[in-house]
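# Analysis of the macromolecular model
Here's the letter readout for the chains.
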Amino acid sequence: MPNEPSPSDPGSLITDSAAPAEPRRRAVLGGLLAVGLVSLAGAALVRRAVVTSRRRTFEEVARRAHDASQALAEGQITIAGWQRALDSIFQEVSPDELSESIDLDALLARTPDVPRGASVLTLAPDLPGGPLPGFATKLFVLRKGRANPPHAHDNMVSMHYVLRGKFRVRHYDRVRDEPDAIILKPTIDRVIGPGESTSISENHDNVHWHLAESDGVLLDVLRAGLGDLPTETHLVDPVAATPLEGGLLRAPRLPTVDKALERFG
Ligand SMILES: [Fe+2]
């Protein structure tokens, strides 16, 4: 989870790809990365990769997702409503249309490989009035065998949509936090492909973990800072978890992104 430090873009560690390599920059919001776990490099906004009508599909999807996020922020819809809205928006387009509209192949050609985790590109759709604080659209580019390590987010909703490739995606409900661990309830463990997505919220499936079963690309749409509260990211290790009654897991926290990437990325 990476990116350009910005108050409106929850911290993340971004590997940029569309721009020349920059010195390592750590985007921090609320003390921790909040979106993607990726190798650090730089950050970049990919603006108008294609300044033509081809871009329209992505722009329209992003505007509708932004509208839903605004409605959520204003209390007009619930978190579940936001998730349904995003599902509906993305069902009306195909992954190929979306990929073409952002000229994905050209972006990937300029995306350097990273040794662990994902390369992350922040897309910057042209939104009337500018983006809401905390709204972001990003691409996660992963090589086969690489992963976005398991982690939880505070005060955030996000959806990861498969543009290309296959991913084993695992989610867990975040039952409760402990100082050294998070108590998890496994909820989703399946392989998803182009056009399929999962999402997180405070209420359900808060912990997510994507493992690339082939080279692949995820489109992440998120709204952080819900309720004007900070979004932080919490790294956990479900594999080293202690089983509890009722199918719950006591997953120890991982202290740093580097540790998480070393173990899972
Ligand atoms: Fe995440």
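Anyway, here's the lowdown on the structure attached to this text. (Residues numbered from 1 in each chain as written. Predicted model: local features only at pLDDT ≥ 70, side-chain atom pairs only at ≥ 80, totals over all residues. Heavy atoms only, no water.)

What follows covers unusual backbone geometry. Negative phi values dominate among residues other than glycine, just as trans dominates among peptide bonds. Unusually for a residue other than glycine, Asp 103 sits at a positive phi of about 50 degrees. With respect to the secondary-structure elements, Asp 103 resides in the loop between α3 (95–101) and α4 (104–109). In this model, Asn 155 sits at a positive phi of 50 degrees, which is unusual for a non-glycine residue. Following the sequence through the fold, Asn 155 ends up in the loop between β4 (147–153) and β5 (157–164). (Helix = DSSP H or I, 4+ residues; strand = E, 2+ residues; numbered from the N terminus.)

On to the coordination of the iron ion, then. Each protein donor to the iron ion is listed here as His 151 (NE2), His 153 (NE2) and His 208 (NE2); together their distances run 2.0 to 2.1 Å. Within one chain, the residues donating to the iron ion are spaced in sequence as H-x1-H-x54-H. Of this pair, His 153 sits in strand β4 while His 208 sits in strand β9 (residues 207–212), and the two are 55 residues apart along the sequence. Neither His 153 nor His 208 differs from the other in exposure class; each is buried. (Donors = N, O, S within 2.8 Å, 3.2 Å for Na, K, Ca; no water. Buried < 20%, exposed > 50% of the residue type's maximum accessible area, 1.4 Å probe, protein only.)

This part covers the sheet that holds β9. Taken in spatial order, the seven strands line up as β11-β4-β9-β6-β7-β13-β12 in an open sheet, and their pairing is antiparallel. Two strands close off the open sheet at either side, each with one partner strand: β11 (233–235) and β12 (242–243). For β4 and β11, the ladder comprises three bridges, and the chain directions are antiparallel. Looking across to β11, one finds that His 153 is bridged to Thr 233. The strands that helix α5 (residues 257–264) touches are β4, β9 and β11; relative to β4, the one it contacts most, it runs at about 135 degrees. (Pairing = 2+ DSSP bridges. Contact = heavy atoms within 4.5 Å. Axes fitted to C-alpha atoms, helices over the stretch in contact; angles between N-to-C directions.)

A full pass over the atoms with the stated rule returns eleven salt bridges. Close ionic contact of Arg 64 with Glu 92 constitutes a salt bridge, the shortest N to O distance being 2.9 Å. Linking Arg 64 in helix α1 (residues 56–73) with Glu 92 in the loop between α2 (79–91) and α3, this pair joins segments that are 28 residues apart in sequence. According to the relative accessible area criterion, Arg 64 is partly exposed, its value standing at 36%. In this structure Glu 92 comes out as exposed when scored by relative accessible area, which is 52%. (Salt bridge = Lys/Arg side-chain N within 4 Å of Asp/Glu carboxyl O.)

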